[in-house]
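# Inside the fold
Here are the chains, one letter per residue:
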Amino acid sequence: MDDLLNDFLAETAEILADAGGALVAWEADPADRAQLDAIFRLVHTIKGSSGFLALPRVTALAHAAEDALDQVRRGQRAADAALVTGVLGIVDRLNMLCAALGQDGTEPAGDDSAAIAALAGQAPTGAQGDAPPETTAIQLRREDDLQGDLHSWRSIRVPLPLLDSVMTAVTDIVLVRNEFARMLRESGASPAVIASFDRLSDSIAGMRQSVSQMRMQRIDKLFAPLPRIVRDLAQDMGKKIAFQTSGGEVELDREMMENIRDPLIHIVRNAIDHGIETLEDRVAAGKDITATISVAARQSGNQIEIEVRDDGRGLSPEAITAKAIASRAITAAEARTMSAKERLELIFRPGFSTAAKITAVSGRGVGMDIVKANIEKIGGIVELRNDEGRGLTILLRVPMTLTIISGLMVRAAGQYFAIPRGAVREILLENGDTVRIDRVGGGELATVRGEQYPLLRLEDVIGREHDAADDADDRALVIIRPGQGQSYALSVAAIHDHEELVIKPAAPMIMATGLYAGTTLPDNGRPVLLLDVQGLLAVARIDAAEAGRRRDGAAEADAQASAARGAAQLLLFREAAGRTRGIRLSVIERVEEVPAAALFESAGRIQVRIGDDIYPVHAAKLPAAPDGQSTQKLMRLHDGQAMLCYPIAEVVDIVRLPDAVQPAAVPGLIAGVVLVGGEPVELIDPFWLMEQYARRDTAPVAGHAPLCRLAADDDETPDVLLCLADDGGDIAPVVDAVPVIRLRTAVAATGPDDDTVYRYDRQALLDALAQRVGGRRA
């Protein structure tokens, strides 16, 4: 086929898909001049392109529709239902011609006078022309995402099987990459080899992201024909229906979208035929005569949820059961043992129908069983949410794609599970200094620096016993944000690692639990289930809404109260250069991702804007976002007063701080070196960092509570007290006859009589200790 004709067909198929929905929307609001102008431009584009390619039938049809719409624009014709029906007839005829052009490469002969006469409101004379088919034989579509701009058409056609083969190859590369990474870790390879591997890994990640994006398409393309279907079927049945869609910006794999198209159309047609009552019945029920059908899409982890809702009569479990018994699908004895949910799901039985009579739309017993089978075939599930007398909601939950995602590997009940890294907000140890857990009303709440989260324990949600081999001190909390306005804490036995994971649909029985979003094969070769972070909430019946949560402002008190609950913890992280380092968990407020554009250079320093605040960033130059991403991961370090951000590539693990620390020779960024898992890890000195970024005008922290007691145990009288104090102020001794060393937050002393010590001046602090304590303690 000629490349020019190929481009025309791709463009025209996209325009016709948009025009159908736009016409229905314009019919509902004829005064919307912007919508009318948009439709006119679409038809005008087809006319102009077809004239250049010498396609007389296409040109004549488009010209007739353009003339009719132009008459409305000039006020010479009313925008009525007959006009819209006529233009939709032209759209159908153009779809038929484009299908023939795509098959044969030439425009077929025929007479379109009937369609043009119907548009003009005239009775056709002579030949009736080609009857437009009920459905388009071939759905042609452009192979790239337009992003809504009809003037940026630059594309080439790539067969989907070729894209599939590329995706399969990339998937295999990622799996081999993961296996190679494990071998490097176990072999103790040289830093040079690891650095080369990291560069290769970055290239693979970029290639994987590009291939995945090539297969994705906005779901509003799936919704495009629905307004026309609703309009035509509602008119045939004498019903008034307002149709709404939302979530069109959600992206779905193209092949997955094709598998969903027919089930979705069938569900919408069923809603019109079965769900929506007649006008008389709606009036008798006290309802508005105009019914509503809505279709909404949203992303939940690695799944897409499509919700079809109507405000019709809903389903009657009793009526469904009676029909099933009458048709001998079940026995009366079986019906008595069935729950309401099981009775509703009888509509998925092969050959079952609730229609009173056979119509062109339904009643033949072929429908919801096929819908369920097709959705489950691609690893999805169908869920019914019934409100008898008020409406029905059908939820389709399907995998977004056979894709590769970044995942956090966790352990619970002796098994490993994966969590989408995009949903992970923060990782902490359950017995960490900044965490408090309380039992409230039969459940648990985790308070992290004063912010409360409902707590789920993974073993309890999946119905498994806690593994006796798990160390309670290693339990971690993963703060998860499954969607906007929701967050909760998930308790797991341990954090394992971050990996790039190839996600595939799991078996229908597993997906039906609502707990999992797919299955994956990590580098150790053992299958792992990907957790559905939204599904966990649904199964646990927990409200994770952030609105109305109490912020008690007692973060510092919580931290102090829990500080004695164990040894210091170490957060291991990887820097952009690939080096793994560690820092005490107690100084980290949180790890978060910010837009790369939020970082800027000013006054000789790198800074970042987060919300309404600006914080310094420890970086000599603006850090480059990894893997071409548009975000940068930052650790927020907090010393009780000042905040400093430290750029990192990723979090590796949380471990206990080893007792043996080899200190650095001189003060600096590195405080020393420890062995973690047999490997040397450099420790960051957060207080040295804070000193480098200290501001002379920093406001002091008021209060006289001791910052530190130097004593062997709590019952022993301390030899010295360290506390923060106002510059130049007096402080009463906390314990009689115990010397006090006052630490100021400002770099400079207030005068010659100021006996306070700058909080980060180590030598001055040691001198003060020697002076106050001396040799009192042997």
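This one's a predicted model, so the numbers in the text were calculated from it and none came from an experiment.

### Here's the deal with the overall build of the chain
- Secondary structure assignment for the chain yields 21 helices and 34 strands.
- The proportion of buried residues among the 778 residues of the chain is 45%.
- Considering only contacts within the chain whose residues lie at least 6 apart along the sequence, 63% involve residues at least 24 apart.
- Carbon and sulfur atoms make up 52% of the accessible area of the chain, which amounts to about 38,000 Å² in all.

### Topic: the nonpolar core
- Ile 219, Ile 260, Leu 264 and Ile 306 are the most contacted members of the largest nonpolar core, which totals 51 residues.
- Top element by residues in this core is helix α10 (residues 254-275). It accounts for 9 residues.
- When residues no more than four places from it in sequence are discounted, the contact partners of Ile 306 are Ile 219, Leu 222, Ile 260, Leu 264, Val 295, Ala 296, Ala 297, Ile 394, Leu 395 and Leu 396.
- Grouped together as the second largest cluster of nonpolar side chains are 47 residues, Val 424, Ile 495, Leu 537 and Val 587 included.

### Remarks on the sheet that holds strand β11 (residues 435-440)
- Here 6 strands make up an open sheet; going across it, the order is β10-β14-β15-β13-β12-β11 and the pairing mixed. The open sheet has two edge strands with one neighbour each: β10 (424-429) and β11. Taking each pair of neighbouring strands and ignoring which way they run, the sheet shows an average axis angle of 30 degrees.
- In this structure, β11 lies alongside strand β12 (residues 443-448), joined through 6 bridges in antiparallel fashion. In the sheet register, Asp 438 faces β12, and the bridge partner there is Leu 445.

### Section: helix α12 (residues 317-326)
- Every buried residue belonging to α12 is among Pro 317, Ile 320, Thr 321 and Ala 324, and all of these are buried. Take α12 and look down its axis: the buried residues cluster within an arc of 100 degrees, on one side only.
- Along its buried surface, α12 packs onto α13 (332-336), α14 (340-344) and β6 (381-387).
- Remark: Arg 328 follows α12 within two positions and exhibits a positive phi of approximately 65 degrees.

### Points about the pattern of salt bridges
- Counted under the stated rule, the structure contains 41 salt bridges.
- A salt bridge links Glu 307 to Arg 298, with the shortest nitrogen-to-oxygen separation between them at 3.7 Å.
- Note on Glu 307: relative accessible area 9%, which makes it buried.
- Arg 475 is the salt-bridge partner of Glu 430, the closest N and O atoms lying 3.5 Å from each other. Residue Glu 430 is located in the loop between β10 and β11, and its partner Arg 475 is located in the loop between α16 (458-462) and β14 (476-480); the two are separated by 45 residues in the primary sequence. Of the two residues examined, Glu 430 and Arg 475, each falls in the buried class.
- Each of Arg 298, Glu 305, Glu 307, Arg 309, Glu 383, Arg 385 and Arg 397 takes part in salt bridges that share partners, so that together they form one network.

### A look at empty space enclosed by the protein
- Taken as a whole and assessed by the stated rule, the structure comprises 3 cavities of 30 Å³ or more.
- What the largest cavity holds in volume is close to 70 Å³.
- Around the largest cavity sit 13 residues that line it, and Leu 16, Ala 19, Val 43, Val 91 and Leu 94 are the ones nearest its centre.
- Contributions of two or more residues to the lining of the largest cavity are made by α1 (3-28), α2 (33-52) and α4 (81-104).

### Side note on the side chain of Arg 475
- Residue class for Arg 475 comes out buried when judged on its relative accessible area of 9%.
- Side chain to side chain, Arg 475 and Ser 491 meet in a polar contact 2.9 Å long.
- Excluding its chain neighbours within four sequence positions, the residues that come into contact with Arg 475 are Leu 429, Glu 430, Arg 457, Glu 459, His 466, Ser 491, Val 492 and Ala 493.

### A word on the packing of aromatic side chains
- As enumerated under the stated definition, the model contains 2 aromatic pairs in all.
- Ring centres of Phe 180 and Phe 197 lie 5.3 Å apart, and the angle between their planes is 80 degrees; this geometry places the pair in the edge-to-face category. Here Phe 180, found in helix α6 (residues 160-187), pairs with Phe 197, found in helix α7 (residues 191-214); they are 17 residues apart in sequence, far enough to count as distant.
- Residue Phe 180 is classed as partly exposed on the basis of its relative accessible area, which comes to 38%.
- With 5.7 Å between their ring centres and 70 degrees between their planes, Phe 573 and Tyr 646 make a pair best called edge-to-face. Linking Phe 573 in strand β19 (residues 569-574) with Tyr 646 in strand β26 (residues 643-648), this pair joins segments that are 73 residues apart in sequence. In terms of burial, Phe 573 and Tyr 646 fall into one category: buried.

### Quick notes on the pairing of strand β13 (residues 451-457)
- With 7 of 7 residues buried, β13 is to be regarded as a mostly interior element.
- With 4 bridges joining them, β12 and β13 adopt antiparallel strand pairing. Bridging from a neighbouring strand, Thr 447 pairs with Gln 452 of β13.
- Here β12 hands over to β13 after 2 residues, with Arg 449 in that stretch at a positive phi of 50 degrees.
- Judged from the 3 bridges that link them, β13 and strand β15 (residues 488-492) form a sheet pairing that is parallel. Among the inter-strand pairings, Arg 457 is bridged to a residue of β15, identified as Ser 491.

### As for the pairing of strand β25 (residues 631-638)
- Most of β25 sits inside the fold, with 6 of its 8 residues counted as buried.
- Bridging between strand β21 (residues 588-595) and β25 involves 7 bridges; their strand directions are antiparallel. Residue pairing for β25: Val 591 is matched across the bridge by Met 635.
- Summarising the sheet, β25 and β26 pair through 6 bridges and their orientation is antiparallel. Counted as the bridge partner of Leu 634 is Pro 647 from β26.

### As for the side chain of Glu 66
- Residue position: Glu 66 is located in helix α3 (residues 56-73).
- The exposure class of Glu 66 is buried, given its relative accessible area of 6%.
- Reaching out from Glu 66, the side chain makes a polar contact with the side chain of His 44 at a distance of 2.5 Å.
- If near-sequence neighbours (up to four positions away) are discounted, Glu 66 is found in contact with Phe 40, Val 43, His 44 and Lys 47.

Cut-off values and rules
- Residues numbered from 1 in each chain as written.
- Predicted model: local features only at pLDDT ≥ 70, side-chain atom pairs only at ≥ 80, totals over all residues.
- Heavy atoms only, no water.
- Helix = DSSP H or I, 4+ residues; strand = E, 2+ residues; numbered from the N terminus.
- Buried < 20%, exposed > 50% of the residue type's maximum accessible area, 1.4 Å probe, protein only.
- Contact = heavy atoms within 4.5 Å.
- Areas by Shrake-Rupley, 256 points an atom, 1.4 Å probe, with all protein chains shown as cover.
- Core = buried A, V, L, I, M, F, W, Y, C linked by side-chain atoms within 4.5 Å.
- Pairing = 2+ DSSP bridges.
- Axes fitted to C-alpha atoms, helices over the stretch in contact; angles between N-to-C directions.
- Arc of directions from axis to C-beta.
- Salt bridge = Lys/Arg side-chain N within 4 Å of Asp/Glu carboxyl O.
- 1 Å grid on protein atoms, 1.4 Å probe; cavity = no way out; pocket = protein on both sides within 12 Å on 5 of 7 lines; lining within 4 Å.
- Points joined across faces, edges and corners; volume = space filled by probe spheres on them.
- Polar contact = N/O pair within 3.5 Å; in protein donor to acceptor, adjacent residues only side chain to side chain.
- Phe/Tyr/Trp six-rings, centres within 6.5 Å; stacked < 30°, edge-to-face > 60°.

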